[in-house]
Amino acid sequence: MTAPQWDVVVIGAGPAGALAAHQLARQRLRVLLVEKRAFPRWKVCGTCLDGVALRALAGAGLPDLVDHLGGVPLTHLHLGLQHRQLELELPLGRSLSRGRLDLALGEAAVAEGAVWRTGTAATVAGPCPGGREVRLRSGGAAETTSARVVLVATGLGSPGVTHAVGIRRRVQPRSRVGAGCRLETGARSYGRGTIHMAIGRHGYVGLVRTETGATNLAAAFDRDHLIRTGGAAAAAAGVLAEAGFEPVPEAHAAAWLATPALTAQCWPPAAERLLLLGDAASYVEPFTGEGMGWALLGALAAVPLVVQRQHHWSRELERQWVRRYRRLIGSRQRLWGASPSPCAGLASAAAPWRRWSAGRPWRRPSCTPSMAPG
C-alpha cells in the first residue's frame, strides 16, 4: 500500500488555512498549502483584527506579527445611524491590509517547513488508502496528490469538495452580499486609528485606514437594494448619507470587488479525513472583522485533532470536530447573528464594539422582526 504523499494538504491560504499550515508544520508534519490566487492579493474584508484574532495569533507563537507588519492601533469607533453619531474608545484592535497579513502568514508557514503553492486550484476527491486524494490544477497542468488529512479553508463560496463527499452548502435566504474597494487617495475626513461605521436601512459601510495610508471600504447590502441602486458605489453613498457621514466621491471611480452571500453554512464541516475551517465551514454576517477571529480560532482548534489522528481516523473524530466547532465558533456566530437593526437605537447598536476589541461576545438586542434589515 502506498502511503499518502503528504500528512496534511491545506486548501486555501487565507488566515485560517495559513495559520493551520503554520501550526502543523511546527509539529514536523509534511504540509502542502495550496492557494488558487497569486499573492499578495487584496480582499474585501478582514482588515480589522479584534481581541480574539490578536490573542489567537499570540497563542500560535506570533504575538508580534501584526505590529511588525505595521498594524495600525484602533483606538476609536465612530458610529453613525439615522444622522445620529457616537464615538467610543476601543481598548484593543489593529488595522492591517489583508494582502500583507495573508502573505506574512503564508511565509511563516513556509519558514516552519510547509510547502506553499500559489496559482493552483484544488478539489477534494475521494478517499485513498490511509488518506484522501486532492486534484490540483495549475495553468494547463493537472495532477493528483494525497494526504492523510485534508483541511479546506477556501473562504466564502464553494468549499471545493465534490458532491460525493457528502457536504452541502446552504445559503440563508435574503442573505446580504459584501462589496468593497480600496481608496489610495481621498476620504481624508476618515482618520487613522478609527473604525468608521455607517448603518443604513439596507446595509452598512465601514471605512478604516490601513498601514499604507489607504482607506479600506467594506460594506454589506441587501441584494435587491444593490440592484435597485445600480451598484455598490451608489449603495454605499446612500448608506453614508443616511448615517450623516461625509461623502466619499472617490468610491465612484474605484474598482469594487464583491463577495458571495455572506451568511452561509457547509454541513457537516467534516467527512472522512477532511475538516472544513474558517468561512468555508460557516459565516454569519458580523458588523466588522469578527470573522477573522473566528477563522484563526478554528484553525488552532483543528490542529490537535489532526496531529492526534494522522494514522487512525474515525467517525468519532468527525463528530468531535462538529461538537468542538459548534462550541467554539458556532456559539459566537449565534450570539452575533446579524447586524443590529436600526430599531435597537444608536446606543444598543454600539454595544458590539464595547466588547469587540476585547474579544468578548455580545448578545444582539431584540427588535421587531419586520424592521430588521436582511
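Described in the following lines is the structure provided in the data block. (Residues numbered from 1 in each chain as written. Predicted model: local features only at pLDDT ≥ 70, side-chain atom pairs only at ≥ 80, totals over all residues. Heavy atoms only, no water.)

1. What about helix α6 (residues 232-243)?
For α6, which comprises 12 residues, the first-to-last C-alpha distance of 17 Å matches the rise-based estimate of 16 Å (1.5 Å per residue) to within 8%. Just downstream of α6, Gly244 is the residue with a positive phi angle, here 85°. (Helix = DSSP H or I, 4+ residues; strand = E, 2+ residues; numbered from the N terminus. Expected span 1.5 Å × (residues − 1).)

2. Side note on the packing of helix α2 (residues 51-59) against helix α7 (residues 290-308)
Contact pair α2 / α7: the axes reach a minimum separation of 7 Å and the direction vectors enclose 30°. Judged by the angle between their axes, α2 and α7 are roughly parallel. The two elements α2 and α7 cross, and the hand of that crossing is left-handed. Residue-level inspection shows Val52, Ala53, Ala56 and Leu57 of α2 in contact with α7, the latter providing Met292, Gly293, Leu296, Leu297 and Leu300. Residue classes in the contact of α2 with α7 are distributed as 8 nonpolar, 1 polar and no charged. (Axes fitted to C-alpha atoms, helices over the stretch in contact; angles between N-to-C directions. Parallel < 35°, antiparallel > 145°, perpendicular 65-115°, else oblique. Left-handed = near helix turned anticlockwise from the far one by under 90°. Contact = heavy atoms within 4.5 Å. Nonpolar A, V, L, I, M, F, W, Y, C, P; charged D, E, K, R; others polar.)

3. Here's the deal with the packing of aromatic side chains
According to the stated counting rule, one finds 4 aromatic pairs in the structure shown. Plain terms: the ring middles of Tyr283 and Trp294 are 6.4 Å apart, the flat faces sit at 65° to each other, and that makes the pair edge-to-face. Here the residue Tyr283 occupies a position in strand β21 (residues 282-283), and Trp294 occupies one in helix α7, the gap between them amounting to 11 residues. Residues Tyr283 and Trp294 agree in their burial class; the two are buried. (Phe/Tyr/Trp six-rings, centres within 6.5 Å; stacked < 30°, edge-to-face > 60°. Buried < 20%, exposed > 50% of the residue type's maximum accessible area, 1.4 Å probe, protein only.)

4. Details of the sheet that holds strand β4 (residues 72-73)
Each strand in a sheet pairs with its neighbour through backbone hydrogen bonds, running either in the same direction (parallel) or in the opposite one (antiparallel). Taken together, 3 strands build an open sheet; the order of strands is β3-β7-β4 and the sheet is antiparallel. The open sheet has two free edges, formed respectively by β3 (48-49) and β4, since each of these has just one partner strand. Where β4 and strand β7 (residues 94-95) come together, 2 bridges link them in antiparallel fashion. Note on β7: the bridge partner recorded for Val72 is Ser95. (Pairing = 2+ DSSP bridges.)

5. Thoughts on the pairing of strand β13 (residues 177-183)
Each regular strand displays side chains that alternate between the two surfaces of the sheet. Most of β13 is tucked away: 6 of the 7 residues are buried. Note that β13 and strand β16 (residues 215-221) share 7 bridges and pair antiparallel. Each residue of the ladder has a partner; that of Arg182, found in β16, is Asn216.

6. So, the sheet that holds β21
Strand order in the open sheet formed by 3 strands is β12-β18-β21, and the pairing between neighbours is antiparallel. The open sheet has two free edges, formed respectively by β12 (168-171) and β21, since each of these has just one partner strand. Alignment of strand β18 (residues 264-267) against β21, held across 2 bridges, turns out to be antiparallel. Looking at the pairing, Gln265 lines up with Ser282 of β21.

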